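Letter by letter, the chains look like this.
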Amino acid sequence: MRRSSFSPEPDCAIAQSLGVIGDGWELLIVRDLARGLDRFDQLADSLHISRKVLTERLTGLVDSGIVERSAYQERPTRYSYSLTPRGRALLPVLVALQDWGDRWLLGDGSLTGTNDADEPPAHRIHELVGQRVPQISLPSIAGTALDVIDPDSRATVLFAYPATGRPTPLPDGWSEIAGASGCTLENRLFAARYDEFAANGVAVRGVSTQRTDEQRAFANAEEIPHPLLSDLELELTAALRLPTFRAGGYERLKRVVLVIGDDRVVKAVRYPVTDIADAVDWALKTA
């Protein structure tokens, strides 16, 4: 689909949006830029797209204000590409498309907070091993933005969880969603082993899509020592293509544990997490 396919409907935001980014290649370029692939050759290799088509789509995205480019080399001039604020505002759209595809195209339509090990979302998460995590800072309960990777530790255990029920009540039917329950237990178990992780030079960070004030109230009530990060804008979720499910009007992260080295490369992944206590033990041994 190209822009010429759409008749002008000045009052329809959907039609206007599709006129700007209604092409599948454009959405996939935005997806890969969010993943940290910022060079032309990286995008071409990832997308298996002709250089001519990639050039056309990048030019259109730059003209639309979704992508900006900056020269990193002269003679010949070569550019790196990044998402503008307008482009980053598309990340929730990408995550919603991924969630819809995981549930209705790659799954059987069931609402679930986890996956079997042989399902596509699990394959996608395990493909993170060996890949580099982009530089992403998220709001934290400390009141500042923190890098998702602790630069002062030899490794970081980053665990994603759906939501805790304090102070904000969980949505109706939460306990009936497979894999959704257990977030308070998971935080308590990581908190109980916090000193062991620290003694081994390993940082622990938890991340959910809840608001920072909700996370802070929970951390204070439970005396959680590790930082909790809010991915409310779904920046990390889009960058790592983390699996989500929608409940209570929000995208929720499925439970994932990542072990990441100080070089920002993912060393190991635990997904699905079927035994939370065992996953905490695994993280300590693996890191």
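Report on the accompanying structure. Worth saying up front: this structure is predicted, and the values here are computed from it rather than measured. (Residues numbered from 1 in each chain as written. Predicted model: local features only at pLDDT ≥ 70, side-chain atom pairs only at ≥ 80, totals over all residues. Heavy atoms only, no water.)

This next bit is on the overall build of the protein chain. Broken down by element type, the protein chain carries 12 helices and 11 strands. For 287 residues, the compact-globule formula gives about 19 Å, and the C-alpha radius of gyration of the protein chain, at 20 Å, lands near that figure. Across the 287 residues that make up the protein chain, the buried fraction comes to 48%. Counting contacts in the protein chain only where the partners sit at least 6 residues apart, residues at least 24 apart contribute 63% of the total. Of the roughly 14000 Å² of accessible surface on the protein chain, 50% is carried by carbon and sulfur atoms. The average position of the 32 basic charges and that of the 40 acidic charges among the side chains of the protein chain differ by 4 Å. (Helix = DSSP H or I, 4+ residues; strand = E, 2+ residues; numbered from the N terminus. Rg over C-alpha atoms; globule rule 2.2 N^0.38 Å. Buried < 20%, exposed > 50% of the residue type's maximum accessible area, 1.4 Å probe, protein only. Contact = heavy atoms within 4.5 Å. Areas by Shrake-Rupley, 256 points an atom, 1.4 Å probe, with all protein chains shown as cover. Lys, Arg positive; Asp, Glu negative; His and termini not counted. Charge placed at Lys NZ, Arg CZ, Asp CG, Glu CD.)

Together, Trp 100, Trp 104, Leu 105 and Leu 106 give the surface a local cluster of nonpolar side chains, amounting to about 480 Å² of exposed area. You can see Leu 105 is positioned in helix 6 (residues 91-105). (Patch = residues over 30% accessible without salt bridge, like charges linked within 9 Å, V, L, I, M, F, W, Y side chains within 5 Å. Salt bridge = Lys/Arg side-chain N within 4 Å of Asp/Glu carboxyl O.)

Bringing helix 2 (residues 24-34) into the picture now. Buried within helix 2 we find Glu 26, Ile 29, Val 30, Asp 32, Leu 33 and Ala 34. Between the side-chain oxygen at the start of helix 2 and the backbone nitrogen of Trp 25 there is a gap of 2.8 Å, and the oxygen is on Asp 23. At the C-terminal side of helix 2, Gly 36 shows a positive phi close to 100°. (Polar contact = N/O pair within 3.5 Å; in protein donor to acceptor, adjacent residues only side chain to side chain.)

What follows deals with the side chain of Asp 32. By the secondary structure assignment, Asp 32 is in helix 2. Only 2.9 Å separates the side chain of Asp 32 from the side chain of Arg 35, close enough to count as a polar contact.

Examined against the element boundaries, Thr 164 turns out to sit in the loop between strand 5 (155-160) and helix 8 (183-192). Thr 164 gets classed as buried once you look at its relative accessible area, which sits at 1%. The residues touching Thr 164, leaving out its near neighbours within four places in the chain, are Leu 170, Cys 183, Thr 184, Asn 187, Gln 210 and Phe 218.

This paragraph deals with the nonpolar core. Formed by 26 residues in total, the largest nonpolar core has its most connected members in Val 157, Phe 190, Phe 197, Val 257 and Ala 283. Secondary-structure elements contributing two or more residues to this core are strand 5, helix 8, strand 6 (202-208), helix 10 (212-222), strand 10 (256-261) and helix 12 (276-286). With six residues, helix 12 is the single largest residue contributor to this core. Setting aside residues no more than four positions away along its own chain, Phe 190 makes contact with Val 157, Phe 159, Phe 197, Val 204, His 226, Val 280 and Ala 283. Among the nonpolar cores identified, the runner-up in size contains 24 residues, and Leu 47, Leu 54, Leu 61 and Leu 91 belong to it. (Core = buried A, V, L, I, M, F, W, Y, C linked by side-chain atoms within 4.5 Å.)

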